[in-house]
Amino acid sequence: MTYAPFPFARPRRLRSSKALRAMVSENVLTPADFIWPIFVMDGTDDETPVPSMPGVVRRTVDRVADAAREARSLGIPAICIFPYTDPALKTEDCAEAWNPDNLSNRAIREIKNAVPDIAVMTDIALDPYNINGHDGYVENGEIVNDRTVEALVKMALAQAEAGADILGPSDMMDNRIGAMRDALEEEGHQNVTILSYSAKYASAYYGPFRDAVGASGALTGDKKTYQMDPANSDEALLMIARDLSEGADMVMVKPGQPYLDICRRVKDEFGVPTFAYQVSGEYAMVQAAAQNGWLDHDKVMLESLMSFKRAGCDGVLTYFAPAAARLLADH
Ligand code: PBG
């Protein structure tokens with residue numbers, strides 16, 4: 001890069017008015033960048049707040065269509081469903097995970113019936129259905145891979161049958177994408193997409209989410225034998241390459257803001273549709289600071305979301321989706 005000397009170059013010239021700033025801005029944030037994660041629970045016509053995520057609720061399946069209509073009116077293209085599973089349904093074999101009528105599958109059908117043009121994304125991992133809160137089966141203290149993948153494939157097929165557009169494997173088992181892609185092809189679901197949680201770190205930022213889905217009490221130990229070490233960056237690129245080679249259509253880095261360096265490396269290296277998950281802890285930190293009057297909520301929200309665009313992401317899973325979309329519409 002070359003740069004003319006002062007005063008030929010006065011970089012502040014291009015910052016001197018709103019119009020000029022708009023002309024030279026390099027990135028834009030729009031509601032089409034958002035995937036909105038929502039929490040679903042049993043019951044009728046009800047919602048309960050998630051205390052560690054101010055502004056976020058768990059809603060009953062019959063209210064999920066309202067969220068979908070809200071997303072459509074705001075220009076948000078996709079909703080991601082997370083179930084708050086009744087503890088009585090958590091078992092060692094996790095059979096509820098592929099029950100065609102489980103909470104998540106009912107919510108998928110509800111949205112596809114009410115607002116067919118909203119893309120529905122799912123989560124694939126055993127943790128909401130597992131008595132020990134892990135994403136895979138636990139045998140003698142070990143989270144076993146291959147048997148878990150068989151269960152995840154059943155889960156994926158049940159979600160595809162229910163009408164899911166985007167499957168989101170968040171389990172970090174080996175070979176899960178390949179196994180799911182084979183099964184989807186075999187069962188005639190060749191247009192179902194996979195947005196893989198490819199580079200998912202063993203992060204402490206997931207704490208509020210585990211409260212929201214009721215998994216924090218259940219979890220024994222940590223997830224370090226399957227989720228990635230926060231010290232690693234090259235490994236993330238290998239995980240992305242692996243998932244693409246197995247049939248992922250889109251890839252994700254998770255958490256988001258603490259891992260923007262990974263997002264940029266992934267986008268530069270592969271040029272594939274790249275998403276980040278601005279996770280529950282990131283959301284909770286902004287809300288907590290804003291509630292204390294320490295940060296300007298709206299400005300920090302939009303600045304945090306813009307950081308993903310700057311890092312090369314095509315979109316971001318964010319609990320801020322409706323609030324940010326509303327704000328962008330007003331601008
Ligand atoms: C479960 C899953 C988690 C999140 C998404 N899917 C938690 C975990 O891995 O323990 C976290 C999302 C968030 O923190 O917002 N496999």
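Provided above is the structure to which this section pertains.
Just so we're clear, the structure is a prediction, and the values are computed from it rather than from any experiment.

1. Structural notes on the overall build of the protein chain
Then comes step 1: Along the protein chain, the regular secondary structure elements total eleven helices and twelve strands.
Then comes step 2: Here the protein chain has a C-alpha radius of gyration of 20 Å; the compact-globule value for 331 residues is 20 Å, and the two agree.
Then comes step 3: Counting over 331 residues, the protein chain shows a buried share of 54%.
Then comes step 4: Restricting to contacts in the protein chain with at least 6 residues of sequence separation, those with at least 24 account for 74%.
Then comes step 5: On the protein chain, roughly 14900 Å² of surface is accessible, and the fraction owed to carbon and sulfur atoms is 52%.

2. Comments concerning the packing of helix α10 (residues 297-310) against helix α11 (residues 321-330)
Then comes step 1: Two numbers describe how α10 lies on α11: the axes approach to 10 Å, and their chain directions differ by 100°. Relative to α11, α10 is oriented roughly perpendicular. Each of Asp 298, Met 301, Leu 302 and Leu 305 in α10 lies in contact with α11, whose residues at this interface are Ala 323, Ala 324, Leu 327 and Leu 328.
Then comes step 2: Along the lines of polarity and charge, the residues of the contact of α10 with α11 split into seven nonpolar, no polar and one charged.

3. Considerations on the packing of helix α4 (residues 146-162) against helix α5 (residues 176-186)
Then comes step 1: The interhelical angle for the contact between α4 and α5, taken along N-to-C directions, is 45°, at an axis separation of 9 Å. The orientation of α4 with respect to α5, classified from their angle, is oblique. In the packing of α4 onto α5, the handedness of the crossing is right-handed. On α5, the residues that touch Val 149, Leu 152, Val 153, Ala 156, Leu 157 and Ala 160 of α4 are Arg 176, Ala 179, Met 180, Ala 183 and Leu 184.
Then comes step 2: Each residue belonging to the contact of α4 with α5 can be placed in one class, and the counts come to ten nonpolar, no polar and one charged.

4. Topic: a positive patch on the surface
Then comes step 1: Residues Arg 10, Arg 12, Arg 13 and Arg 15 make up a contiguous surface patch of positive charge.
Then comes step 2: Overall, the relative accessible area of 67% leaves Arg 12 in the exposed class.

5. Brief notes about the nonpolar core
Then comes step 1: Judged by nonpolar contacts, the single largest core of 106 residues is most densely connected at Phe 34, Phe 39, Ile 79, Met 121 and Tyr 277.
Then comes step 2: With nine residues, the top contributor of residues to this core is α4.

6. Some thoughts on the packing of aromatic side chains
Then comes step 1: Going through the model one piece at a time under the given rule, you end up with ten aromatic pairs.
Then comes step 2: Ring plane angle 15° and centroid distance 5.9 Å describe the contact between Phe 39 and Tyr 319, whose orientation is recorded as stacked. Residue Phe 39 is found in strand β1 (residues 34-41), and its partner Tyr 319 is found in the loop between β12 (315-318) and α11; the two are separated by 280 residues along the sequence. We note that Phe 39, like Tyr 319, is buried.
Then comes step 3: Here Tyr 201 and Tyr 259 contribute two aromatic rings whose centre-to-centre distance is 4.2 Å and whose plane-to-plane angle is 25°, an arrangement assigned as stacked. Residue Tyr 201 is located in the loop between β9 (193-200) and α6 (207-212), and its partner Tyr 259 is located in the loop between β10 (250-254) and α8 (260-270); the two are separated by 58 residues in the primary sequence.
Then comes step 4: With relative accessibility at 0%, the residue Tyr 201 sits in the buried group.
Then comes step 5: By relative accessible area, which is 9% here, Tyr 259 ends up buried.

7. Considering the environment of Asp 261
Then comes step 1: Mapped onto the secondary structure, Asp 261 falls in helix α8.
Then comes step 2: Note: C-alpha distance between Asp 261 and Ala 236 (25 residues apart in sequence) is 11 Å.

8. A closer look at the site of the ligand
Then comes step 1: As a structural note, the neighbourhood of the ligand is formed by 17 residues, with Lys 200, Arg 210, Lys 254, Ser 280 and Tyr 319 the closest of them.
Then comes step 2: Expressed as a share of its isolated accessible area of 400 Å², the protein-covered part of the ligand is 100%.
Then comes step 3: The class makeup of the residues in the shell around the ligand is seven nonpolar, three polar and seven charged.

9. Quick word on unusual backbone geometry
Then comes step 1: In the segment running from Phe 6 into Pro 7, the intervening peptide bond is cis, with an omega of 10°.
Then comes step 2: Mapped onto the secondary structure, Pro 7 falls in the segment before α1 (18-24).
Then comes step 3: With an omega of -10°, the peptide bond running from Lys 254 to Pro 255 counts as cis.
Then comes step 4: Non-glycine residue Asp 45 carries a positive phi angle of around 45°.
Then comes step 5: Although it is not a glycine, Asn 175 sits at a positive phi angle of roughly 70°.

10. Concerning the pairing of strand β3 (residues 57-60)
Then comes step 1: Of the two faces of β3, the one carrying Val 57 and Arg 59 and the one carrying Arg 58 and Thr 60 are both buried.
Then comes step 2: Bridge count between β1 and β3: three bridges; the pairing is parallel. Looking at the pairing, Phe 39 lines up with Arg 58 of β3.
Then comes step 3: Of the pairings in the sheet, the one linking strand β2 (residues 47-49) to β3 comprises three bridges and is antiparallel in character. Residue pairing across strands places Glu 47 opposite Arg 59, the latter belonging to β3.

11. Observations concerning the environment of Leu 103
Then comes step 1: Along the chain, the position of Leu 103 falls in helix α3 (residues 103-114).
Then comes step 2: Using a relative accessible area of 5% as the deciding quantity, one classes Leu 103 as buried.

Definitions and limits used
- Residues numbered from 1 in each chain as written.
- Predicted model: local features only at pLDDT ≥ 70, side-chain atom pairs only at ≥ 80, totals over all residues.
- Heavy atoms only, no water.
- Helix = DSSP H or I, 4+ residues; strand = E, 2+ residues; numbered from the N terminus.
- Rg over C-alpha atoms; globule rule 2.2 N^0.38 Å.
- Buried < 20%, exposed > 50% of the residue type's maximum accessible area, 1.4 Å probe, protein only.
- Contact = heavy atoms within 4.5 Å.
- Areas by Shrake-Rupley, 256 points an atom, 1.4 Å probe, with all protein chains shown as cover.
- Axes fitted to C-alpha atoms, helices over the stretch in contact; angles between N-to-C directions.
- Parallel < 35°, antiparallel > 145°, perpendicular 65-115°, else oblique.
- Nonpolar A, V, L, I, M, F, W, Y, C, P; charged D, E, K, R; others polar.
- Left-handed = near helix turned anticlockwise from the far one by under 90°.
- Patch = residues over 30% accessible without salt bridge, like charges linked within 9 Å, V, L, I, M, F, W, Y side chains within 5 Å.
- Salt bridge = Lys/Arg side-chain N within 4 Å of Asp/Glu carboxyl O.
- Lys, Arg positive; Asp, Glu negative; His and termini not counted.
- Charge placed at Lys NZ, Arg CZ, Asp CG, Glu CD.
- Core = buried A, V, L, I, M, F, W, Y, C linked by side-chain atoms within 4.5 Å.
- Phe/Tyr/Trp six-rings, centres within 6.5 Å; stacked < 30°, edge-to-face > 60°.
- Near = heavy atom within 4 Å.
- Pairing = 2+ DSSP bridges.

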